[in-house]
Structure formats: structure tokens, C-alpha cells
Amino acid sequence: MSGATFNNAEDAAESAQQTVGVPLGGVGAGCCELGRDGRFRNITINNNRTNDTRIDVSPGSMIAIRAARRGKVALRILQTDSALPFSDAGIAAPYTASQRLAWRGVYPCSHYKLDDPTYPLEVTWTALTPIIPYDHEASTLPLIFLSFYIQNPSDISYEVSLAMNWENVCGCTRGNFPERRGPIRPILVNIDQEKSTLESQAHEPDPRRLIAGLEFGFRDEFRTSAEGNYALLIAQQRDVQVSMMGWNERDPRELEVFWNQFHDSGRLGNKLSRHEASHSGALCATFDVGPQQTKNIVYVLAWYCPKYVVYGSDQRNGYANNFQSAIEVATQGLTYHQYYFKAVEDWQRRIMTSTLPQWLSKALINNNYVLSTNTLFNGGNDFAMFETPSDPRVSTLDRRLYSSIGSLLFFPNFEEGELASIAKPKDAQHPGRLFRFSGLLDNHHASHGTSKDVMLDTSIAFVLMAYRNYYMTGKRFILDHLFSRVKEAMAFVLEHDCDGDGLPEQRGCSMTRDRWAVYGTNSYTSSLWIVALRAYARLARRLGDKAEALKHEQLLPRALESFDRKLWFEEGGYYRFYCATGIEDAPMEFNNACDVAQLAGQWYADFLCLGQLFPAEKVKRALAAICKLNELRNGVMQGLNPDTSPCANPESVGFPPEADRAWPSFDMGFYASLMIAHGYPDRGLFAVQRNCKNVHARRGRVFNQPMMWDVEKNDAVGWGQDRYMASMSSWHVLYALQGFHLNVPDGVLWFRPHLPIGVFSLSAPLFTPISFGWVRFREDDEKMYRQFVQLTFDSPIYLKTLVLRIPAEVDDVTVECESENGIENVDHIFGYDGSERLIEIITKKPIMIGGMLKISLAQTRGAAVRLPRPAGR
């Protein structure tokens, strides 16, 4: 990975607006953010994951480059500023002006270019953390690579020196920078029996041995969670000389010594200051770059803070199970760094080379940044995600229904473990009432939260995620392990069906938007309950519990009838917020507010291919009403009354519902994805693109997305403004566009693309929890309707049935199915899901899709097909 392209004006404009950098650090390992100024910011590598403990900036850290030829020296500090006392030392610091430091953030990479025509060399570099789908071990490494490419475009040779200075932050948190942070020690190459190993020395380096790097901090007896050790290493090359220096970054005289050595000789003096105030260690690589040549230098910065104390208990960090020091982490990093770079580039390339809109491709990549900022991975190998560093509530059950798709697609073992951990604790009085939170910065202190009201969508979300995880991975263990808790959760919700109509009744602030009071039957919760009824019945049948399956299958029609009868508001053309018939203390019988999430259940049914549950025409009318009432220029308000005033709570609640705000990441699911799947793909994509423009570009929050958005002020607002966890819900948009679902245990693959008007082809990645894939799709209506689908997967996928969508005018088709083994023998049948006409292609014997599966459909009977085109075409 030699770097990124920097000639895209739109990318450059967006980068210039960013307020924070790319978070770099393994899952659950803490991170540093590297952004447009080139500095290490928002440092959480010392188990200081909250916004009131993370370190704003590393004051003394710095990267500098020197190019020398025949006594002429060109120096640049590859960042816009620092806290080093250059002025006091009488040095004119050659910082890189912001307009000369090109930057592009593409998680988990931060790409830079020295864009200075007066500098004799072309310098690009990438900071990277190996976040690699399916590779759980690599993705939890506590390290950052910095890979520099120095290109000499001239016809003369240059001696080049590259120096990186790291300030030891051992024991530090925001506002707490102790003087005693441990010593700085050289790391030397030890050649024993022709095998090279690294060892740390307690004294200055032996001049006869090669320097590999520096070690900072304490080796053991860590007093707090913020203490540990750090390693800065350079990948060894025969023609690269490495030198080092330990010094006091706050002393102008020592800075002068450091800078003069670097300026005059391009080498450091291999001396270490023993003063307790000396916290900086610089590592310098010196080498020649010949005419028209390019040199690659790789640094690695690793950390090791194994002690993680929460509630008086040391839960340890997960990486401490595999490593004993930062040197060990860094050594593994350098050993496999080429694989790490290629693997990251591979999954990014799959998205960026697709025919998806570029803005969506970038969002799909960058929205995974919360894997570095919002995750825990402890010594018991327990993974969890917390909502926001400003209020780190862990494994928030109702809201992870939206965010956890990213965890499932990237690290299915982690997602499986987190859901199992959520299932463990039981409410003594109500076993089926799942706890909303697993803890605060840990997952061993489950809680319902502070609200006295009983939330029902927590238990419903648990059921849906258990179903999702089983059918998307095929792991029977998930079903066997979780089904008893799923059964209890369903029974608990059903207990709240007080009038026997198949739908639960609620009271108070009892759903995921937990400041909005609900009374009686609520459209959001009830729609999710309806899809849970179908999902649960299928799970029960899978396990052979026919009585339980039949009970809920028979309940589903009653629930659907009640939903339509109680909640459909004909005058407005949508499902009302709630119906409180029979609820004595309700402020009103009917709350006719239009809730943007009223059909969240249909969205999730679409995602899991559980069918059209609600009348297709009413779904379309409801979506049209939401567009008319709730959608404003800068977002979609959560709930508005028919007169367009924001929905209000009764005075007895004591606070407003904040229904006049948008929830951008959630809207990508229950609103935009629903629009895309139900005939309005352009409008749904526009809603997502608008969110990206507002949040990512205008407010510069690509890597710091909030939960809520003020659609009037077009800015973040309210609780959860700091790196809210739900950004990965953008994967639902990709699934909606593709109409893709892989039912692993049954060997059924659904592909029903919902493309913008006038778009008749797609070439895009398929992300699943078990394998990467790729799809090529094309359809045309010349003379007769034809459709072509080609599927490939990196790992073999077991397939018995393929479900595609065809136009309603098509009565019959010929089907040709070709795998790597030749033409496959298949049958086909037709059917409908709501208004969509489907063709089910059934193989006579199962197919293992690996390198290729091609399916061609050609119309043989039916009316002429005219695919939708923009007006005038």
C-alpha cells in the first residue's frame, strides 16, 4: 500500500473540514487519532477510553525528514505544529503548512503526502492499524504502522534521514501527566545461532550491535490501568542505518542538541538521558535514495497496558493473553506487516472498485471506525461495544439492533460472544426481561438503566439478533445456546398483551428513543414484535418445538389485524404513534403523530427475507407521508403531528421527547433502507447521501458521528454527540440496495437489487459473516426481458436455492445455471412477496459456489417489459 490518491477535489474539500482524525488501534485495544495536522490526538491507549480521560494530544511527538546532497540540507517536520520549544531553543521549526500537508482518511488508514514543490523528494506515508475482517487476532493488535515512501524524481542521489519522536505517555490520562513514567531503553538486534531476535537494554546501546528501536515505560508492577510499556521499532534493512536518542522534550537545550544532530549529520547520537523528566525517544533511519528510485521505511508503534481495572476488578486486556510486552507486539507486527497492509487494502478495494456511488463506498468503509473507538476486549476474550465515550454504556441491547451488523460482518465470533454475554444475566423477577445494558465500561454489571418504565424492544431485539446471527452464520451452537433465553424473551413480551389482541401494551418512556412517552400499542415496538413472531416461529420449528412454533404462527395474523385496526390513521395515510384504547392513565386514546420508525419491523423483515408482513400499498403510503411530514432539508424528524408540530410528552413526564431531532444512523435502517426496498431507491439513497453531506462534510464528523442531529441548525445535538456507536448501521443500506440475504443453514441465497431509476447493472462486493463475495448483475428489456447474475465467493458457499426478482409482466423464462463444474440441472417456480414477483431457482443437487456461478434468465412468455427510466428517456 503505497498511499492514497490526493487529486480528488471533493475528497480534499471533505478532508479539510474534518475535526478529528482516523482512529488507529486494534479492536478493544485503545487508539490514537491521526488527522489532517499529522499529530497524535485523542489518545486512549492507556485504558482511558472515556472522553474525560483520553489525552487530547501527544505534545512532544513528531516526525521529521531530512534530504541532503553536497552540503545542502532540506528539512521538514511532517506536521503543522507541536508543543516542542523550538522558539526557546532559537530554532525556526520547518513545520509543514496545512496547505502543503495533503491528507485523506480511509479507516483504518490515514494517508499523507508532502505536497511541497520546493522539496526535492516526493514523500508519502500511511498510518495503519490492521482491522481485517474475519482475522480476529490481527484486528486486536495494539499497534500502529507508519509506512513511508520516499521517491527521488531527480537524476542525482540524496542521503535521506527520517526521524520519529515519541513522547512516553506511561501513566498519563487527560490532565494527569506524572513525572515518573518509566525509563527509555534501546532495543538491539541479537544474533544468536543465525537467528535474529530483539532484546531491550537497560543502558546505552553497544555500538557494535544494530539498533532496532526503543522501549518506553515500565515492564511490570503496573500500579494503575494507565501504566504499561511502549515500543517504537523500524523494520530492519541492510542499507538503512538506525540511530536513537532519549531526551527531555521540554528542555530547549536538549531540543537544540537533538535538532542539530539531525540537521547536521542526519543521525542521532545514540545517547539516553537518565533524567526522570526525559520522556521522549527519537528513532532515526538514514539511507540513500538513488536517482529515480523509491525507498520504503516502516515504523511500528506498539503499546502494552495489560491491567484494566473496573469496579475494583482487573479484567485485563485481551491482547495480554498473547503477548508479554509491547516489544512482542511490535515484533509480530513487523514480521507480518506486508500481510496486514495487503489485507486492509483488499477489503477496502472491494468496496471502492464497485459500481456503488463513491460517497456510499467511502461511508461503508469509514463508518466502521467505532471498532477502534468504542470497543472492549478483555482477558476473558469478551468483546463488547459501548455507546459513546461520553457515557460508555456497554452492549445497549435495543440500539445494537442497528449497529451490530458491522460486528457480525467483520468479526462474527465477537458478535456471537457479545450476544451470548448479554443472554447470561437474568432478572430474578422476570427472566424474559433482558437487561438493557451489560455494564459501564465492562460487561459484568447488567442493568435496566435508571428508567422505571419497562422496555419491551430490548427483549424483541434480542430475539431478532439471535435469529439473524444463526441464519447468517449457520452456527447451530448459537441456536442451541440461546434458544431458551429467546423463548423466555418472547413469553415476557407476550405477558404485556393485556387485551389478547396479539400486540403488547407499553407505558411511559419504554422504547429505544427513551425520552418519548408511549401509552398502549406503539407502532415502532409492535412492528418489531410482529417480525419477531415470524422469526421465532421459524427458530422453534428448526429445533423441533412444533407446539411453540404453531402457537406463534397462529398469533401472527391476529397481531397483524390488530396492528392495522388500531394504528392505521387513514386521514394521514400512515400508522399512528400509539393507540391507548383501554389504558386508563393515557393522556389521549389516539396519538396520531407520524413516527419515522413506524415500520421498523418491515425493514427488518426485508433485511432477513422474512416476507412482506404489512400491506404493500399501506407501506408505500406511510413512506410517502413520512416524506411529506417528517422529512426536512437537513434530516428526518422522529415524530410530527398531522399539523407538522413536533410530538410532545404529557406534562407529567417532565421532559420533552426530542422528537424534532433526527437520528441519522438509525434512519439509515428503518427509513432509508425501507424506502430503497419498497419502490423509492432514489429517495432512500438521497436521505443517506444528505446525512453524509451534513455529518461528514459540512460538520467534519466522519470519525466522530453523533446519535442525534438538529435539523434546523444542521448540527449535532443532545446526548451521544461523541463517537456514537451506530455508524455501522450503514451496512443495512448496502443490503437493501442489493436485496441480498444468505440463509446459510438452508442454503438459500436471495438477490433482489433495488437500484436507482435508470440503473440496470451492479458490480459490488457481498459481505457476509462467513466469506467475502462479489456479484455482477445486469438486466435489459430489448426485445424481451433478460437478467444475468454472476456470483463468486472467496470460500465455498453451499447453495440449494437461489431467489431472484423479475418484472411482473414476465410469465415464464428459460433458466441457465453454470458453475465451475459446468451446466447445473435446476428447476424453477414463481411466486410473490408483497408486490415483488420472484423466481425461485432450485438445484437438483446442492452446488458449492466458489470461483463462479452464472445464472441467465430469458423471457419466453408474458407482456413486453419496460424497465423504469428517468423522465424523458
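Quick note: structure is the one above.
These figures come from a predicted structure and were not determined experimentally.

Colleague: How would you summarise the overall build of the chain if you had to cite specific residues and measurements?
Modeller: Broken down by element type, the chain carries 18 helices and 47 strands. For a compact globule of 873 residues, the expected C-alpha radius of gyration is about 29 Å, and the chain comes in at 29 Å, within 12% of that figure. Seen through its principal axes, the chain has C-alpha atoms that stretch 85 × 65 × 55 Å. Out of the 873 residues in the chain, the part that is buried amounts to 64%. For the chain, the proportion of contacts with a sequence separation of at least 24, taken over those separated by at least 6, is 68%. Carbon and sulfur atoms provide 48% of the accessible area of the chain, an area that totals close to 31,800 Å².

Colleague: Got a sec to walk through the packing of aromatic side chains? Specific residues and values, please.
Modeller: Per the counting criterion, the structure on display carries 48 aromatic pairs. Seen from their ring centres, F577 and Y578 are 5.6 Å apart, and the 55 degrees between their planes marks the pair as tilted. Judged by its relative accessible area of 0%, F577 is buried. Taking the relative accessible area as the measure of exposure, Y578 reaches 2% and is therefore buried. A connected cluster of aromatic rings, assembled from ring pairs, spans Y402, Y524, W603, Y604, F607, W663, F666, F670, W719, Y724, Y735 and F740. Over the face of the ring belonging to Y308 we find R49, whose NZ or CZ atom lies 4.7 Å from the ring centre. Lying across the ring of Y524, R513 places its NZ or CZ 4.8 Å from the centre.

Colleague: Lay out the side chain of S225 with the relevant residues and their values.
Modeller: Considering the arrangement of structural elements, one finds S225 in the loop between strand 14 (211–217) and strand 15 (229–234). Within the structure, S225 has its side chain in polar contact with the backbone oxygen of K307 (distance 3.3 Å). With residues up to four places along the chain from it excluded, the contact list for S225 reads N46, N47, C305, K307, Y308 and V309.

Colleague: Tell me about helix 9 (residues 412–423), and name the residues and values.
Modeller: Helical geometry: 3.6 residues make up each α-helical turn, so side chains three or four residues apart lie on a common side. Here helix 9 contains 12 residues, and its C-alpha end-to-end distance of 17 Å stays within 8% of the 16 Å for a straight helix at 1.5 Å per residue. Counting buried residues along helix 9, 10 of its 12 residues qualify, which places the element largely inside the surrounding structure. Buried residues in helix 9 make contact with helix 2 (136–139), strand 22 (375–377), strand 23 (383–388), helix 8 (400–410), helix 10 (457–473) and helix 11 (476–494).

Colleague: If you had to explain the sheet that holds strand 4 (residues 55–57) to someone new, which residues and values would you point to?
Modeller: The strands making up a sheet associate through backbone hydrogen bonding, with each pair oriented either parallel or antiparallel. Taken in spatial order, the 4 strands make up an open sheet running 1-2-3-4, and their pairing is antiparallel. Both edges of this open sheet fall to strand 1 (22–24) and strand 4, since each of them pairs with a single strand only. Averaged over all pairs of adjacent strands, the angle between strand axes in this sheet comes to 30 degrees, irrespective of strand direction. Of the pairings in the sheet, the one linking strand 2 (residues 32–34) to strand 3 (residues 40–43) comprises 2 bridges and is antiparallel in character. Among the inter-strand pairings, L34 is bridged to a residue of strand 3, identified as F40.

Colleague: So what's going on with the layout of surface pockets? Residues and values would help.
Modeller: A volume near 1,000 Å³ is recorded for the largest pocket. Lining the largest pocket are 50 residues, with G679, P753, H754, R805 and E836 sitting closest to its centre. Contributing elements (two or more residues each) for the lining of the largest pocket: helix 14 (600–607), helix 15 (616–629), helix 16 (664–677), helix 17 (681–698), helix 18 (731–738), strand 40 (772–780), strand 42 (797–806) and strand 46 (836–849). Looking at the lining of the largest pocket element by element, the count peaks at 4 residues for helix 14. In the lining of the largest pocket, the residues fall into 25 nonpolar, 13 polar and 12 charged. Considered as a void within the structure, the second largest pocket measures approximately 660 Å³ in volume.

Colleague: An account of empty space enclosed by the protein is needed here, citing residue identities and associated values.
Modeller: Per the stated rule, a full pass over the model turns up 10 cavities of 30 Å³ or more. Size it by volume and the largest cavity reaches roughly 110 Å³. Lining the largest cavity are D11, E14, S15, Q18, W103, R104, G105, V106, K362, N366, V702 and F703. Elements represented by at least two residues in the lining of the largest cavity include exactly helix 1 (9–17), strand 7 (101–106) and helix 6 (358–366). Examining the composition of the lining of the largest cavity, we find that 4 residues originate from one element, strand 7, more than from any other. Looking at the lining of the largest cavity residue by residue, the classes come out as 4 nonpolar, 4 polar and 4 charged.

Colleague: Could you give me a rundown of the pairing of strand 24 (residues 391–394), with the residues and numbers involved?
Modeller: Across 2 bridges, strand 23 lies against strand 24 in antiparallel orientation. Counted as the bridge partner of F386 is V394 from strand 24. What sits between the antiparallel neighbours strand 23 and strand 24 is a turn of 2 residues. With 2 bridges joining them, strand 24 and strand 25 (residues 439–440) adopt antiparallel strand pairing.

Colleague: Talk me through the pattern of salt bridges; I want residue IDs and the actual numbers.
Modeller: For the structure shown, the criterion picks out 57 salt bridges. Among the salt bridges present, the one from R41 reaches D37, with a minimum N-O distance of 2.8 Å. Residue R41 is classed as partly exposed on the basis of its relative accessible area of 30%. Here D37 falls in the buried class, since its relative accessible area comes to 13%.

Colleague: Tell me about the packing of helix 12 (residues 523–542) against helix 14, and name the residues and values.
Modeller: At their nearest, the axes of helix 12 and helix 14 sit 7 Å apart, and the two run at 30 degrees to each other. The pairing of helix 12 with helix 14 is recorded here as roughly parallel in orientation. Residues Y524, S527, L528 and V531 of helix 12 pack against A600, G601, Y604 and A605 of helix 14. In terms of residue class, the contact of helix 12 with helix 14 is made up of 6 nonpolar, 2 polar and no charged.

Colleague: An account of the nonpolar core is needed here, citing residue identities and associated values.
Modeller: Of all hydrophobic cores here, the largest spans 263 residues; its most connected members are Y299, F462, F670, W731, L791 and I855. Apart from residues no more than four positions distant in its own chain, F462 is found in contact with L397, L419, I422, A423, L434, L482, R485, V486 and A489.

Colleague: Residues and numbers for the sheet that holds strand 39 (residues 761–767), please.
Modeller: The sheet built from 6 strands is open, its strands ordered 39-40-41-47-43-44 with antiparallel pairing. Here the strands that pair on one side only, and so sit at the sheet edges, are strand 39 and strand 44 (822–823). Where strand 43 (residues 810–819) lies against strand 44, 2 bridges are found, and the strand directions are antiparallel. Within strand 44, the residue paired with S819 across the bridge is G822. Contacts from helix 18 reach strand 39 and strand 40 within the one sheet, and its direction differs from that of strand 39 by about 135 degrees.

Colleague: So what about the environment of S273? Which residues, and what values?
Modeller: On the secondary structure map, S273 appears in the loop between strand 17 (271–272) and strand 18 (280–289). Excluding residues within four positions of it along the chain, S273 makes contact with G246, W247, E254 and S278. A polar contact of 3.4 Å, which involves the side chain of S273, links it to the backbone nitrogen of H275. Polar contacts involving the side chain of S273 include one to the side chain of S278, which spans 2.6 Å.

What counts as what
- Residues numbered from 1 in each chain as written.
- Predicted model: local features only at pLDDT ≥ 70, side-chain atom pairs only at ≥ 80, totals over all residues.
- Heavy atoms only, no water.
- Helix = DSSP H or I, 4+ residues; strand = E, 2+ residues; numbered from the N terminus.
- Rg over C-alpha atoms; globule rule 2.2 N^0.38 Å.
- Buried < 20%, exposed > 50% of the residue type's maximum accessible area, 1.4 Å probe, protein only.
- Contact = heavy atoms within 4.5 Å.
- Areas by Shrake-Rupley, 256 points an atom, 1.4 Å probe, with all protein chains shown as cover.
- Phe/Tyr/Trp six-rings, centres within 6.5 Å; stacked < 30°, edge-to-face > 60°.
- Lys NZ or Arg CZ within 6 Å of the ring centre and 35° of its normal.
- Polar contact = N/O pair within 3.5 Å; in protein donor to acceptor, adjacent residues only side chain to side chain.
- Expected span 1.5 Å × (residues − 1).
- Pairing = 2+ DSSP bridges.
- Axes fitted to C-alpha atoms, helices over the stretch in contact; angles between N-to-C directions.
- 1 Å grid on protein atoms, 1.4 Å probe; cavity = no way out; pocket = protein on both sides within 12 Å on 5 of 7 lines; lining within 4 Å.
- Points joined across faces, edges and corners; volume = space filled by probe spheres on them.
- Nonpolar A, V, L, I, M, F, W, Y, C, P; charged D, E, K, R; others polar.
- Salt bridge = Lys/Arg side-chain N within 4 Å of Asp/Glu carboxyl O.
- Parallel < 35°, antiparallel > 145°, perpendicular 65-115°, else oblique.
- Core = buried A, V, L, I, M, F, W, Y, C linked by side-chain atoms within 4.5 Å.

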